[in-house]
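Given next are the chains, with one letter for each unit.
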Amino acid sequence: MAGGATEQAGLHRTLGFRDLVVYGLLFIAPMAPVGVFGTLDAKSDGAVALVYLVATVVMAFTAFSYAQMVRVAPMAGSVFAYARKGLGEGPGFIAGWMAMLDYLLIPAVAYLFSGIAMNALVPEVSQWVWTAIAVVVTTALNLWGVRTAARVGFAVLALEIVVLLVFVVSAVVVLVRDGAQRGWLTPLAGDTDFSMTAVLGAVSIAVLSYLGFDAIASFAEEVTGGSAKVARAVLFCLVLAGTLFVVQSYLAALLEPVSSAELAADPAKQGSAFYDAVDASVGTWLHDLVAVSKAIGAAFAALAGQAAAGRLVFAMARERRLPSVLSRVDPKSGVPRVAILGAAVVTMVAAVWAARRDDGLDHLVSVVDIGALTAFVLLHASVVGWFAVRRMEGPPSWWRHVLVPVVGAGVLVAVIWEATTSAQVVGVCWLGVGLVVLALQGGRRAA
């Protein structure tokens, strides 16, 4: 009897607009560029601020399509639910399958960032140990309940924003007093020959910093006040995050004493490039403050990511696309415990594996975006399918329901094309497995 009650229990509607913004900004992380700054600087030939500017525009198209579809399908499955509505069951499964790659690996990257930051402060403890501790603590909070996790997350988010403001003020003081290490326009034009191809290649990685605004849609069944509140939160988080990313990456690039070519030649320096620039220009005190903030903030970014992953897995299991045990909801806490624990195990394995390798961060960062980008392309197609092809809500708006999603999908395809070969290979392999699973499920349903 208890098992049946657990399976039929629903998600609890306890989240408001502020809670959605907290989850979105936690997942995105106000200081997300800290961890990938060196990698982006090296890949873009120094035009790191331009990378974030382009990435914000790219994600704006996607955010707009999310805002359209969350009103159509205000469900926990997010892009899985949207693609089912706009394109059908098969594409819906593939969208969810590709997004699952993203939602399972992004928390692993965030946990690894946390482990790297803590290891910089306490080098006697290995990165992988700090990484594992972060997974355990945040998983416990997610199992406690979505509202409790949001409250703790709000305090962490406030800390991150304060530290970011301290960095911005300190950087401006140093630049006014001592001048810039690079030219004032190099963060937008590069410190060598400008290459748009290099910028687009870096954008495919920079997108990692934004992934989180879309996760807000995963909480659609737990928000009070309707889907319009979810749509506003999605757009608000993207605009705010884009502004913060461009400002801090621009300032960090001006403080960076090492050229982008030197960073490209020495990948080992890329992970700590932001910290090294702060240490050399401002002082060790700010280095340590940023490291502490990043360690805590990254762990709670992973908390939000893990929560979103749990909702996606739960939604796919509820529709019998994954094992039904993953669709169980704890009646007391209102969270999909089994789905969250399953996501936590996968994330723990990936994060600890990467933390034990010198090139672990580069491997994770290079492949994590491909699932999300593919799912976003299907999201845009869903908008066209639902509004323009099927005309489910009357005559379509040709700019909102055709032009924006088509341009958004085209830009994402270009970014995927410029992604690293390893990322493309992983994406194709994951897609291939998903197609096999879909074919097997189709065969069973037909039988």
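Caption draft 1: Highlighting helix α17 (residues 398-418). Here α17 is 21 residues long and its end C-alpha atoms lie 29 Å apart, about the 30 Å a rise of 1.5 Å per residue gives. Buried within α17 are the following residues: His 401, Val 404, Pro 405, Gly 408, Ala 409, Leu 412 and Val 415.

Caption draft 2: Highlighting the pattern of salt bridges. Across all of its chains, the model carries 7 salt bridges by this definition. Note that Arg 84 and Glu 319 form a salt bridge whose closest N and O atoms lie 3.3 Å from each other. In this pair, Arg 84 is assigned in helix α5 (residues 79-86) and Glu 319 in the loop between α14 (284-318) and α15 (337-355), connecting sequence segments 235 residues apart. Of the charged contacts, one joins Asp 178 and Arg 177 as a salt bridge, the two residues approaching to 3.0 Å between their closest N and O atoms.

Caption draft 3: Summary view of a nonpolar patch on the surface. Nonpolar side chains collect at one region of the surface, where Phe 17, Phe 236 and Leu 240 lie side by side and expose about 240 Å² of accessible area between them. Relative to the helices and strands, Phe 17 resides in helix α2 (residues 17-28).

Caption draft 4: Highlighting the confidence of the model for the chain. Mean pLDDT over the chain works out to 83, with 94% of the residues at or above the 70 mark. Looking at the elements of the chain, mean pLDDT is at its lowest for helix α1 (residues 2-8), recorded as 41, and at its highest for helix α9 (residues 186-189), recorded as 91. Note on residues 1-9: pLDDT under 50 across the span, and 8 contacts to partners over four residues away in sequence or across chains.

Caption draft 5: Layout of the nonpolar core. With 155 residues, the main nonpolar core has Tyr 23, Met 59, Tyr 66, Tyr 82, Phe 167 and Phe 213 as its most contacted residues. Ignoring any residue separated from it by four or fewer positions in sequence, one finds Met 59 in contact with Val 207, Tyr 210, Phe 213, Leu 238, Phe 376 and Leu 412.

Cut-offs and rules
- Residues numbered from 1 in each chain as written.
- Predicted model: local features only at pLDDT ≥ 70, side-chain atom pairs only at ≥ 80, totals over all residues.
- Heavy atoms only, no water.
- Helix = DSSP H or I, 4+ residues; strand = E, 2+ residues; numbered from the N terminus.
- Expected span 1.5 Å × (residues − 1).
- Buried < 20%, exposed > 50% of the residue type's maximum accessible area, 1.4 Å probe, protein only.
- Salt bridge = Lys/Arg side-chain N within 4 Å of Asp/Glu carboxyl O.
- Patch = residues over 30% accessible without salt bridge, like charges linked within 9 Å, V, L, I, M, F, W, Y side chains within 5 Å.
- Areas by Shrake-Rupley, 256 points an atom, 1.4 Å probe, with all protein chains shown as cover.
- pLDDT = per-residue confidence, 0-100.
- Contact = heavy atoms within 4.5 Å.
- Core = buried A, V, L, I, M, F, W, Y, C linked by side-chain atoms within 4.5 Å.

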